[in-house]
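# Inside the fold
Residues per chain, in single letters:
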Amino acid sequence: MCESYDLVIRNGQVMMPCGLVEAEIGVRGGKVVSLGALGRAVARETFDAAGLTVLPGVIDTQVHFREPGLENKEDIAHGTKAAIKGGVTAIFEMPNTSPLTLDEATLNQKLNIASRTAWCDYAFFMGGNHENAHLLAELERLPGCAGVKIFMGSSTGTLLAKDDEVIMAVLANGTRRVSVHAEDEDRLVERQPIAIDADGPVAHPHWRDVESAVKATKRLVKLARLAGRRVHVLHISSADEMDILAEHKDLVTVEVTLNHLTLVAPDCYERLGAFAQMNPPVRDERHLEGLWAAIQNGVVDVFGSDHAPHTTEEKQRPYPASPSGIPGVQTSLPLLLDHMNKGRLSLERLVDLTSAGPQRIFGIAGKGRIAVGYDADFAIVDLAAKRTITNKWIASKCGWTPYDGMAVTGWPIATVVRGMVVMRDDVILGEPEGEAVRFIETFVEEKKSC
Ligand code: DOR
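The sections below set out a description of the structure shown in this document. (Residues numbered from 1 in each chain as written. Predicted model: local features only at pLDDT ≥ 70, side-chain atom pairs only at ≥ 80, totals over all residues. Heavy atoms only, no water.)

## Brief notes about the packing of helix α14 (residues 332–341) against helix α15 (residues 347–362)
- Running from N to C, α14 and α15 cross one another at 150°; their axes reach a closest spacing of 10 Å. With respect to α15, the axis of α14 lies roughly antiparallel. Every pair of crossing elements has a handedness; the one defined by α14 and α15 is right-handed. On α15, the residues touching L333, L336, L337 and M340 of α14 are L347, L350 and T354.
- In the contact of α14 with α15, the residues fall into six nonpolar, one polar and no charged. (Axes fitted to C-alpha atoms, helices over the stretch in contact; angles between N-to-C directions. Helix = DSSP H or I, 4+ residues; strand = E, 2+ residues; numbered from the N terminus. Parallel < 35°, antiparallel > 145°, perpendicular 65-115°, else oblique. Left-handed = near helix turned anticlockwise from the far one by under 90°. Contact = heavy atoms within 4.5 Å. Nonpolar A, V, L, I, M, F, W, Y, C, P; charged D, E, K, R; others polar.)

Structure below.
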């Protein structure tokens with residue numbers, strides 16, 4: 001008797017937890033059920049991955065998809081299309097939306113929209129501030145919630161938790177890992193004249209300087225220790241912070257973005273103007289090298305894109321009215337494969353930072369590795385394909401990338417979400433059938449709500 005499957009992937013090199021192996025993958029009911037030689041299996045669909053490498057799907061734990069349904073603004077449909085074109089199989093969206101995600105009703109509204117329009121799996125962060133700090137222990141446990149996120153410094157939108165008392169109130173209410181944008185608001189406000197008097201975005205890293213980031217990161221680590229609460233520091237931009245964070249790896253996990261690892265100041269501001277403007281800012285060569293060193297030595301736990309797809313018109317406003325943020329959910333994997341081909345990191349470390357890392361630090365249930373019993377989420381890549389990133393390829397509503405015209409080696413050829421091939425050769429296939437990501441720490445609540 002031969003086994004039957006919904007999908008079989010043959011002839012590929014498969015990145016398993018033990019490393020790259022030649023294996024066939026049998027998928028049934030959205031999960032991997034067999035790995036190895038499948039023999040005379042019957043399959044509804046067969047994917048020939050000859051010459052390709054099957055990686056666990058990328059989990060992007062920092063995107064901003066924002067205002068659902070507003071014309072010209074990114075929405076979950078476009079954002080997740082961009083995700084699957086880039087080999088991303090799950091996204092976590094940030095709470096600085098309109099309205100801010102601060103309560104159960106707003107979370108449910110987003111979950112509802114996503115259940116109809118998302119092309120990959122999803123979860124949403126709950127924002128934390130002075131208004132809802134006392135409710136966070138309950139809010140962070142709602143199904144579909146990725147945890148709590150706070151902004152110690154203002155970025156896009158009005159979400160802010162700048163003072164020690166508010167941050168402590170957030171840290172004291174709940175148990176899951178808290179994600180943090182660490183820039184010191186008081187220092188940013190004090191230094192704002194630098195931006196106002198500036199001759200363009202080249203001043204951005206001077207206004208939001210290294211000390212603004214270091215000061216906030218130091219405060220955060222101290223408060224997290226006092227509260228005994230795990231924290232995750234987002235988009236670390238400076239070598240100096242990596243030295244501090246290296247001393248707190250028992251409590252603190254660390255994210256970097258591809259922008260901070262690929263663009264360099266002042267060149268990026270001279271070339272791209274506000275299209276290179278993000279918070280915290282892209283800094284100079286010393287910091288770029290410091291971030292790569294922290295990837296090498298293990299201090300970094302995860303890559304996030306911080307996908308923030310402001311429109312071309314918005315970006316063309318004179319600095320500092322130009323909004324901060326760069327789209328990235330679609331370009332992260334191609335850039336990473338290119339960095340790998342240039343010798344910056346191994347394929348094993350790439351997968352550690354895009355799939356296993358997110359699973360480990362956020363306690364994602366059943367994702368993040370290719371193994372029997374896990375969701376059949378794959379990024380099938382050609383490690384040697386030579387392509388050029390272009391604005392035309394971008395599926396985000398904003399339609400631009402700072403990497404337009406960049407030649408890369410390595411490309412996502414297909415994306416599989418729970419056994420469904422949703423992208424092949426840059427073409428989107430099927431229907432939006434994304435589901436909420438499940439978390440180990442909220443199983444009880446999931447049970448209660450069904
Ligand atoms: O540059 C940024 N833009 N950094 C953030 O942290 C927020 C983001 C946005 O929401 O636009």
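There is more to say, and it comes next.
## Structural notes on the site of the ligand
- Around the ligand sit 15 residues, and of these R66, N96, T156, N279 and H310 come closest.
- Within the side chain of H181, an N or O atom sits 3.0 Å from an oxygen atom of the ligand.
- Protein chains bury 100% of the 290 Å² of accessible surface belonging to the ligand in isolation.
- A breakdown of the residues in the shell around the ligand according to their chemical character gives three nonpolar, 10 polar and two charged. (Near = heavy atom within 4 Å. Polar contact = N/O pair within 3.5 Å; in protein donor to acceptor, adjacent residues only side chain to side chain. Areas by Shrake-Rupley, 256 points an atom, 1.4 Å probe, with all protein chains shown as cover.)

## Some thoughts on the sheet that holds strand β2 (residues 13–16)
- Spatial strand order, β3-β2-β7-β16-β17-β18-β19: seven strands in an open sheet with mixed pairing. Strand pairing shows two members of the sheet lacking a second neighbour, β3 (19–22) and β19 (427–428), which therefore form its edges.
- Summarising the sheet, strand β18 (residues 420–424) and β19 pair through two bridges and their orientation is antiparallel. Paired with M423 across the two strands is I428, which belongs to β19.
- The sheet contacts of α14 involve β16 (378–389) and β17 (406–417), and relative to β17 the element is tilted by about 125°.
- Helix-sheet contacts for α15 involve β2, β3, β7 (53–56) and β16, and the interaxial angle to β7 is about 35°. (Pairing = 2+ DSSP bridges.)

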